[in-house]
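Secondary and tertiary structure notes
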Amino acid sequence: MNAETSSLQARARVHAALGDPARLAIVDALTLGDASPGEIAADLGMPTNLVAHHVKVLQDAGLLVRTRSEGDRRRTYLRLVPGVLSTLTAPRLDSADRVVFVCTHNSARSQLAAALWRDRVGGAVASAGTAPAQRVHPRAVRVAHEHGLALDPTGTHHVGDVVHDGDLVIAVCDNAHEDLTGPVRPRLHWSVPDPARVDTDEAFEAAYTDLADRIDRIAPALTAGGDHG
């Protein structure tokens, strides 16, 4: 069994252990502090024999351990194992020199994604298009400004002039993902609807929110090893 398979199986055990509402409630309680099985039973209104069953499942999954009280040695306390819950996040991506967001016209989604990344994550980032427009969409400039970000209205670029070896290319539209089949191939694909098709402030705000959520989700997988920042 290789390390990747072993890691997946360990994560699966943790997910399975957390799949019961009572066990999730126990983990929630222990996130705030250590507690004895009796205290857990009292706090959650759960029979002690049922707590004992759920604690064993959580122990077998590696989520918690028992420690004996330094005061009353007859008592034991439950505590979460540091770092186990963090293994449920997405696995780390390989290091990259730079992140490049790509869409068709480089006029909205890729521009907003790059601005968001620069603001929330930092490090080298750029954007490009497979068929760049002459300017950034005014609504994209406006929604960026409303969120404290700046976009250069004339700063559009072709993917061939921007992407280099070592870049992590993220396609933020379906067309770019499907068109880039040559040497420049997106590593990741985010299917963000084109706000320009609707061309309303609400559509651009929705695209901004979608991109922000995705960046918040992926950033830990890229920054955990200090590759960016």
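Remember, predicted model here, so these are calculated numbers, not experimental data. (Residues numbered from 1 in each chain as written. Predicted model: local features only at pLDDT ≥ 70, side-chain atom pairs only at ≥ 80, totals over all residues. Heavy atoms only, no water.)

For the rest of this paragraph, the subject is the overall build of the chain. For the chain, the count of helices and strands is 10 helices and 6 strands. Taken over the C-alpha trace, the chain has a radius of gyration of 24 Å; the compact-globule value for 229 residues is 17 Å, which it surpasses by more than 25%. The 229 residues of the chain split such that 40% are buried. Summing over all exposed atoms, the chain offers an accessible surface of approximately 12,400 Å²; the carbon and sulfur share of this is 50%. Across the chain, the mean location of the 23 positive side-chain charges is 7 Å away from that of the 29 negative side-chain charges. (Helix = DSSP H or I, 4+ residues; strand = E, 2+ residues; numbered from the N terminus. Rg over C-alpha atoms; globule rule 2.2 N^0.38 Å. Buried < 20%, exposed > 50% of the residue type's maximum accessible area, 1.4 Å probe, protein only. Areas by Shrake-Rupley, 256 points an atom, 1.4 Å probe, with all protein chains shown as cover. Lys, Arg positive; Asp, Glu negative; His and termini not counted. Charge placed at Lys NZ, Arg CZ, Asp CG, Glu CD.)

By the element assignment, Arg-23 lies in helix α2 (residues 21-32). Beyond its immediate stretch of four places on either side in the chain, Arg-23 contacts Ala-16, Ala-17, His-53, His-54, Val-57 and Leu-58. Among the polar contacts made by the side chain of Arg-23, one reaches the main-chain carbonyl oxygen of Ala-17 at a distance of 2.7 Å. (Contact = heavy atoms within 4.5 Å. Polar contact = N/O pair within 3.5 Å; in protein donor to acceptor, adjacent residues only side chain to side chain.)

Moving on, we get to helix α6 (residues 138-146). Regarding α6, the residues found buried are Ala-140, Val-143 and Ala-144. Projected onto a plane normal to the axis of α6, the buried residues spread over an arc of 100° and lie on a single side. Exposed residues pointing more than 90 degrees away from the buried face of α6 are listed as His-145 and Glu-146. Downstream of α6 by one or two residues, Gly-148 has phi in the positive range, about 80°. (Arc of directions from axis to C-beta.)

Strand order across the open sheet formed by 4 strands is β4-β3-β5-β6, with parallel pairing between neighbours. Only two strands of the sheet have a single neighbouring strand rather than two, namely β4 (125-129) and β6 (188-189). Summarising the sheet, strand β3 (residues 98-103) and strand β5 (residues 167-171) pair through 5 bridges and their orientation is parallel. Note on β5: the bridge partner recorded for Phe-101 is Ile-170. (Pairing = 2+ DSSP bridges.)

What follows concerns the side chain of Gln-111. Positionally, Gln-111 belongs in helix α5 (residues 109-120). A polar contact is formed between the side chain of Gln-111 and the backbone oxygen of Asn-106, at a distance of 3.1 Å. Sequence-distant contacts of Gln-111, that is, excluding residues within four places in its chain, are made with Asn-106, Ser-127, Val-136, Leu-151, Gly-155 and Thr-156.

A separate point is the side chain of Arg-23. Buried and unpaired, Arg-23 has Asp-20 as its nearest opposite-charge partner, separated by 4.3 Å. Among the polar contacts listed, one links the side chain of Arg-23 to the side chain of His-54, at a separation of 3.1 Å. (Salt bridge = Lys/Arg side-chain N within 4 Å of Asp/Glu carboxyl O.)

Although it is not a glycine, Asn-106 sits at a positive phi angle of roughly 55°. Relative to the assigned elements, Asn-106 resides in the loop between β3 and α5. A positive phi angle, near 60°, is found at Asp-199, a position not held by glycine. With respect to the helices, strands and loops of the structure, Asp-199 is situated in the loop between α9 (195-198) and α10 (201-223).

What follows covers the layout of surface pockets. Computed from the structure, the largest pocket encloses a volume of approximately 220 Å³. Along the wall of the largest pocket there are 16 residues; nearest its centre are Thr-104, Arg-109, Asn-175, Asp-194 and Arg-197. Looking at the lining of the largest pocket, the elements with two or more residues in it are α8 (174-179) and α9. Partitioning the lining of the largest pocket into residue classes produces 7 nonpolar, 5 polar and 4 charged. (1 Å grid on protein atoms, 1.4 Å probe; cavity = no way out; pocket = protein on both sides within 12 Å on 5 of 7 lines; lining within 4 Å. Points joined across faces, edges and corners; volume = space filled by probe spheres on them. Nonpolar A, V, L, I, M, F, W, Y, C, P; charged D, E, K, R; others polar.)

Of all hydrophobic cores here, the largest spans 46 residues; its most connected members are Phe-101, Trp-117, Ile-170, Val-172, Trp-190 and Leu-211. Elements with a contribution of two residues or more to this core: β3, α5, β4, α6, α7 (159-162), β5 and α10. For this core, the leading source of residues is α10, giving 9 residues. In contact with Trp-117, not counting residues within four places along its chain, are Val-99, Phe-101, Gly-122, Val-125, Ile-215, Ile-218, Ala-219 and Leu-222. (Core = buried A, V, L, I, M, F, W, Y, C linked by side-chain atoms within 4.5 Å.)

As far as function goes, none of this settles anything; it's purely spatial.
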